[in-house]
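# A look at the structure
Read off the chains here:
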Amino acid sequence: MSGSPPPDEAPQGGTDPATPDAATHADQAPERDGSSTATLTEDERAAEIAAADERARDQGTIGLEAGFAERFVAAVTGTSVLVTLLAFVAAFVVGGIVIALSDGATQQALGYFTARPSDTFVAAWEVVSAAYVALITGSLGGRSQISETLVSATPLILTGLAVAVPLRAGLFNIGGEGQVIAGGMVAGLIGFSFPGLPLVIHLPFALLGGLLAGALYGWVPGVLKQRTGAHEVITTIMLNNIGVLTSAYLLSTLLFRVPERTDPISRPVAESATLPRFVPELRVNVGIVIALLLGVLIFWLVERSAQGFELNAVGLNPHAATTSGMDPGRTVMRAMTVGGALAGTAGASVILGVQGRITTGFSAGLGFDGITVALLGRGRIGGTVAAGLLFGALKSGGRSMQAQTGTSLDLVLVIQALIIIFVAAPGLVRAIFRVRAEELTTAQVAKGWGS
Amino acid sequence: MRLELRGITKRFPGVIANDAVDLVIEPGEVHGLLGENGAGKSTLMNILYGLYAADEGEILIDGQPVELREPDDAIAAGIGMVHQHFMLVPVFTVAENIVLGVEHTRRFGKLDRRRASREVGELAERSGLPVDPDALVEDLPVGIQQRVEILKALYRNAQTLILDEPTAVLTPQEADDLFEAIRAFTGEGRSVVFISHKLGEHRAIADRVSVLRRGRIVGTADPRETSEQELANLMVGRPVSLVVDKPPGSPADPAIEVRGLTVENAAGTVVVDEVSFDVRRGEILAIAGVEGNGQSPLVRALTGLQPIASGEVLIAGEPVAGRSRKQILRGGVGQVPEDRGRDGLVGEFSVAQNLILGRWDDEPFTKRQTLQFDVIGAHARQLVEAYDIRTPSVDTPAASLSGGNQQKVVVAREFDLPIDALVASQPTRGVDVGSIEYIHERIVEKRDEGTAVLIISSELDEVLALADRVAVMFHGRLVGPFEMPVAKEAIGSMMAGTDPELAMARGGER
């Protein structure tokens, strides 16, 4: 028990504190603070914000105890636009280094680097710039390039959304691949089984069939989660396997197979069920319009509708959602069904718009690409559509990069992966570009909830 | 060890959390740190514990400046901290938790369990914090877990112990035990920094109290010579009322009727045992009790979150069983959940979104399935104004508000509409004095509107301040209700399981 401390230690300028008149300090405090009441409220507000900051730190530590889905959602939606852009820059720089190192001329120049370092840089610059120029012109450099970009983007937008919608409800839909297959199989089956129907009936019928097949394939893990708590990651991965193998089997049966051939290729989709092209010589078709329209619908559903409010609340805090009278189980089931429907439509668009017949492996990892697209879109609907378009451009640009400069198409995948790594590790980007965390947080807070 | 903070300043973007704070912790003293949520107490202690770096100022130990870059430095310097949320591994034993990180190992890195257990047992004995070193932490009650946290700091030879809101999770009896242990600790010349916003506790344990307000030390006082009222005024910066101004109510017909309610937990154990009571419109019934005596399942059954094993619950004459939660809530039940962060708010949602959480798909917030953002925004601005919610804007995420303001968001949402029944659990937990005053006034206001109010609280002072009638829950059974006034001591001993008649008689004697 120390009584009053020596004067030089007394807080706030030497007033003897250990007395009952301590209360009078309170009355003096505003005078010391400055002057007007306006400053006071400012101070109060400021103190609240400081407290907010402290809590943000606290939540950082709580995050470690949070479930995988929670942390994942935070990781996806928690980074700012600035970080995303910088992640691109970083990814292309690292990608450039990879291109340079894999190039023969640069490797040669590197052999006598100490003698003439400039040679290495010149060679590297040449190959990297040529590759990137080819990448850009190959995706946006003309009518046919843009057409190819949109063709590649169509299913990517849809599978991206198929991951993004469940993600907002706190679910990780790995099952895009199986849902794409289910949608493509049924759309194709309808597409070649009813020749002679008019286009206005046949095409919507086939599309809807694909959509519903995907929806059913997404509903299964959803309802399993709702009723039994089965983890959607496990069930969707298993359903992917079932989808791949079942489709391979079905393609070998006479239900799908061309009777006079033995290889697992289905009969061709009838003209009346094919997604019409805008111009005969370009492959771009009505599919992109459908994808974008679905994008608008999903944007309304997730960001603007009452259902979306429930979806987001369940995804962010199922306890509070339940307490408020929401039904997380039903929401989860619906989110998975909607996700499945979108992936199913992606499968239908590939079969009815581009390939015209079902082959084994026609899904080509589209369901998994959707995870990457949704990640880059940070789980937001607009962002996911944009990311789908971008990855479509990278895909078609990558093909012409390979054709023109000999740089492997795989490099595009490397760049895509790098972008995601940098986006998922915002701390890394901040460290590289020395962006202060505070600027990023302010940007996030300022974003508001209507956006 | 004499610990001195000199001119500590910590800035966060746009704000100063600690503004030239001077603080001296003398050897052998319990130094209370008092302040509202957001006053900068935790920031200051996090700086002392090496979790934050101060922008300005220095820390001196026995007159020597030290640099505390991370908790390891602080621990090496003899500073220990017990956080509000415990940092224990539930599946480890007490001894394993305590030696974790500084453990002795035998050959091939094998943990020397026997030695750990022996050392911890001796330490517990010596420090007056008895605990079984071989018990699993997950099996221990919260009060004992806290002991483990304190022993963890002692095992690392802490000379100064920082306790952040240590009594928030304790029963009155456990708090007394803690105070005893603190006295024993400081008796050996070591010191304790005791953070709390409960005024009575500072008067009970602290030798000196420093009051923080808006990042500054606004006064240091001897709590034994300063009244609670003076401390409260100092903390809030204006005169506050510690007593609720409550005219007698005018109870009418019952709006909550509970008849022989029995609730079982998932394992099939009876957690609410044949409980019956009424809450009439225009009265406040407070249910006191140490947490974990069945209050939470009672509330959950009342609002349809947990199935009823037997008995019945009627709200405004309608049985709760068989209706969906949405129907029960929209039928006129307001609820303040005990854990607002978990059940009351979606932290990432904005204030505006949280203010429509229970009515998101009702007109006028939703029309033709579409959210009406302008209506939602206007609604939020109106409630922020009416309920004095301090927030930079209605678009601010709720999680970044202070505890008191988060609670005001919940209160505003639930109190805004006319309701038949209000079920409020721990309505002022973790809320600062100024907001407590405000929330209490609103509860009384709601009662006077003709709402049947049920308060569940483990804070005796709150029960006494608000109740028209009081009941106590103990081991799933309800004792009472009794008409107020009932002596504080009588309620206290009923909370500990004393027979009500005996408790009333004893309470009356005092």
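Here, every reference points to the structure presented above.
Residues numbered from 1 in each chain as written. Chains lettered and ligands numbered in written order. Predicted model: local features only at pLDDT ≥ 70, side-chain atom pairs only at ≥ 80, totals over all residues. Heavy atoms only, no water.

### Re the overall build of chain A
In terms of regular secondary structure, chain A is built from 20 helices and zero strands. Put simply, 73% of the contacts in chain A that link residues at least 6 apart link residues at least 24 apart. Here chain A displays about 20,000 Å² of accessible surface, and carbon together with sulfur accounts for 67% of that area. (Helix = DSSP H or I, 4+ residues; strand = E, 2+ residues; numbered from the N terminus. Contact = heavy atoms within 4.5 Å. Areas by Shrake-Rupley, 256 points an atom, 1.4 Å probe, with all protein chains shown as cover.)

### Side note on unusual backbone geometry
Residues and elements named next belong to chain B. The amide bond that connects Glu 363 to the next residue, Pro 364, takes the cis arrangement and shows omega of 0°. Cis peptide bonds are those with omega within 30 degrees of zero, and the linkage from Met 484 to Pro 485 qualifies with 0°. The topology assignment puts Pro 485 in the loop between β22 (477–483) and α17 (488–495). With a phi close to 45°, Ala 20 is a non-glycine residue in the positive phi region. Mapped onto the elements, Ala 20 comes out in strand β2 (residues 15–25). Looking at Ala 20, the relative accessible area reads 38%, which means it is partly exposed. For Glu 274, which is not a glycine, the phi torsion comes out positive at approximately 50°. Exposure remark for Glu 274: the relative accessible area of 56% places this residue in the exposed category. (Buried < 20%, exposed > 50% of the residue type's maximum accessible area, 1.4 Å probe, protein only.)

### Side note on the nonpolar core
Considering soluble globular proteins, one finds that nonpolar side chains tend to be buried as a cluster. All names here are of chain A. Of all hydrophobic cores here, the largest spans 83 residues; its most connected members are Leu 342, Leu 352, Ile 358, Leu 376 and Ile 419. It is helix α8 (residues 143–168) that provides the largest number of residues to this core, a total of 11 residues. Once you skip the residues sitting within four places of it in the chain, Leu 342 turns out to touch Leu 158, Leu 161, Ala 162, Val 165, Leu 294 and Ile 298. (Core = buried A, V, L, I, M, F, W, Y, C linked by side-chain atoms within 4.5 Å.)

### Some remarks on the packing of helix α13 (residues 306–316) of chain A against helix α15 (residues 328–355) of chain A
Residues and elements named next belong to chain A. With their axes 10 Å apart at the nearest point, α13 and α15 run at an angle of 105° to one another. Classified by the angle their axes make, α13 and α15 are roughly perpendicular. For the pair formed by α13 and α15, the contact residues are Gln 307, Glu 310, Leu 311 and Val 314 on the first element and Pro 328, Arg 330, Thr 331, Val 332, Arg 334 and Ala 335 on the second. A breakdown of the residues in the contact of α13 with α15 according to their chemical character gives five nonpolar, two polar and three charged. (Axes fitted to C-alpha atoms, helices over the stretch in contact; angles between N-to-C directions. Parallel < 35°, antiparallel > 145°, perpendicular 65-115°, else oblique. Nonpolar A, V, L, I, M, F, W, Y, C, P; charged D, E, K, R; others polar.)

### A word on the sheet that holds strand β13 (residues 284–288) of chain B
Residues and elements named next belong to chain B. The sheet built from six strands is open, its strands ordered β16-β19-β20-β13-β21-β22 with mixed pairing. Of all strands in the sheet, those with a lone pairing partner are β16 (333–336) and β22, marking the two edges. Sheet twist, expressed as the average angle between the axes of neighbouring strands with direction ignored, equals 15°. Sheet topology places β16 next to strand β19 (residues 421–425); four bridges connect them, and they run parallel. Bridged to Gly 334 within β19 is Leu 422. Across the sheet, helix α14 (residues 403–415) lies against β16 and β19, angled at about 175° from β16, the strand it touches most. (Pairing = 2+ DSSP bridges.)

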